[in-house]
Every structure is written in C-alpha cells, then in structure tokens.
Amino acid sequence: AAAPKKEAAPKAEKLVENVEEKAPKAKTSKKGDDLAIVEGIGPKAAEALVAAGIDTFAKLAAASAEEVKAILDASTSKVQHLDPTTWAQQAQLAADGKMDELKKLQDELNGGKAV
C-alpha cells in the first residue's frame, strides 16, 4: 500500500503549486485560517491540507475538489474517505467573511456533503 502513496505525493505537490498560483494573495495571519470551520474538515484533514501548503480559506477556495482529493489520498492520515466537493464553496464564503451564508449552507449539508 505504500507504493501508490509515493506515486501520489509528487502529483499532489504539483497540484498544490497550481493552487498557490490561482489563489489570490489574501491578508491572513502567519498561522493561516482555521480550515476546520469548513464542514467535513477535521483536524487530520486540516493538518494534511496545511502540510500541502493550503493554509488559508482563499487557497482552499481556489483548489478544485480533484486537487484536494489528491492531497487527502497522499496523506498518511486516514482522510482518504472524505469528500471535498463542497469545501471550496464553503472556504470562499469564509474567505469573504460571509459567515451567515456559510452557516446556512452548512445547515443544508450532511458532514460536508450535499444531500
């Protein structure tokens, strides 16, 4: 099982480079944003994303679900089962400070997935 992870890692790194190029330069603290605000992201998933360079809502919003999934798949944590399809939308609302809209969207989601 270790071999596929090693193959996925360079792909994930390349995807992260693409995300960083697309992400607008947002003003954030050196610590980054609390990605766990996004429904479906727990501490382990947030840790994997931050380790891959996605440490702000803006960067997560700029990432495609496929790019995020590649990062999760390459992680040594047990986060490969997570479905990131709504994470960019949630992160965009958080980046824009639209917390009421984010809460409304999250009320319609189940574990971060559209129902």
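### Examining the side chain of Gln106
Reasoning step 1: Within the secondary structure, Gln106 sits in helix α6 (residues 99–108).
Reasoning step 2: Sequence-distant contacts of Gln106, defined by excluding residues within four places in its chain, comprise Ile37, Val38, Glu39 and Gln90.

### Remarks on the pattern of salt bridges
Reasoning step 1: Here the structure, examined in full by the defined rule, presents four salt bridges.
Reasoning step 2: Ionic pairing is found between Lys59 and Asp55, a salt bridge with its closest N-O pair at 3.2 Å.
Reasoning step 3: Asp107 is paired through a salt bridge with Lys103; the nearest N and O atoms lie 2.8 Å apart. You can see Asp107 and its partner Lys103 sitting in helix α6, four residues apart, about one turn around the helix.

### What about the environment of Gly112?
Reasoning step 1: The residue Gly112 is located in the loop between β1 (109–110) and β2 (113–114) in this model.
Reasoning step 2: The exposure class of Gly112 is buried, given its relative accessible area of 0%.
Reasoning step 3: When the C-alpha positions of Gly112 and Ile41 are compared, they lie 7.8 Å apart, and in sequence the two are 71 residues distant.
Reasoning step 4: When sequence neighbours within four positions are dropped, the list of residues in contact with Gly112 reads Glu39, Gly40, Asp83, Thr86 and Gln90.

### Describing α6
Reasoning step 1: Leu102, Leu105 and Gln106 are the residues of α6 that are buried. The arc enclosing the buried residues of α6, seen along the axis, measures out at 100°, which places them on a common side. α6 presents Asp100, Lys104 and Asp107 as exposed residues on the side facing more than 90 degrees away from its buried surface.
Reasoning step 2: Looking at the buried side of α6, the elements it contacts are α5 (87–95) and β1.

### Points about α5
Reasoning step 1: All of the buried residues in α5 are Trp87, Gln90, Ala91, Leu93 and Ala94. Taken end-on, α5 shows its buried residues confined to a sector of 160°, consistent with a single buried face.

### Details of the confidence of the model for the protein
Reasoning step 1: In the predicted model, the protein carries a mean pLDDT of 84, and 74% of its residues have values of at least 70.
Reasoning step 2: Predicted confidence is poor over residues 24–29, with pLDDT under 50, and the contacts of this stretch with residues over four places away or in other chains come to five contacts.

### Description of the packing of α5 against α6
Reasoning step 1: Packing of α5 against α6 brings their axes to within 8 Å, and their N-to-C directions diverge by 155°. Of the possible angle classes, the one that applies to α5 and α6 is roughly antiparallel. For the crossing formed where α5 meets α6, the hand is left-handed. Between α5, through Gln89, Gln90, Leu93 and Ala94, and α6, the contact on the second element is made entirely by Met99, Glu101, Leu102, Leu105 and Gln106.
Reasoning step 2: Tallied by class, the residues present in the contact of α5 with α6 amount to five nonpolar, three polar and one charged.

### As for the environment of His81
Reasoning step 1: By the secondary structure assignment, His81 is in the loop between α4 (65–74) and α5.
Reasoning step 2: The sequence separation of His81 and Lys69 amounts to twelve residues, and the corresponding C-alpha distance is 9.1 Å.

The rules we used
- Residues numbered from 1 in each chain as written.
- Predicted model: local features only at pLDDT ≥ 70, side-chain atom pairs only at ≥ 80, totals over all residues.
- Heavy atoms only, no water.
- Helix = DSSP H or I, 4+ residues; strand = E, 2+ residues; numbered from the N terminus.
- Contact = heavy atoms within 4.5 Å.
- Salt bridge = Lys/Arg side-chain N within 4 Å of Asp/Glu carboxyl O.
- Buried < 20%, exposed > 50% of the residue type's maximum accessible area, 1.4 Å probe, protein only.
- Arc of directions from axis to C-beta.
- pLDDT = per-residue confidence, 0-100.
- Axes fitted to C-alpha atoms, helices over the stretch in contact; angles between N-to-C directions.
- Parallel < 35°, antiparallel > 145°, perpendicular 65-115°, else oblique.
- Left-handed = near helix turned anticlockwise from the far one by under 90°.
- Nonpolar A, V, L, I, M, F, W, Y, C, P; charged D, E, K, R; others polar.

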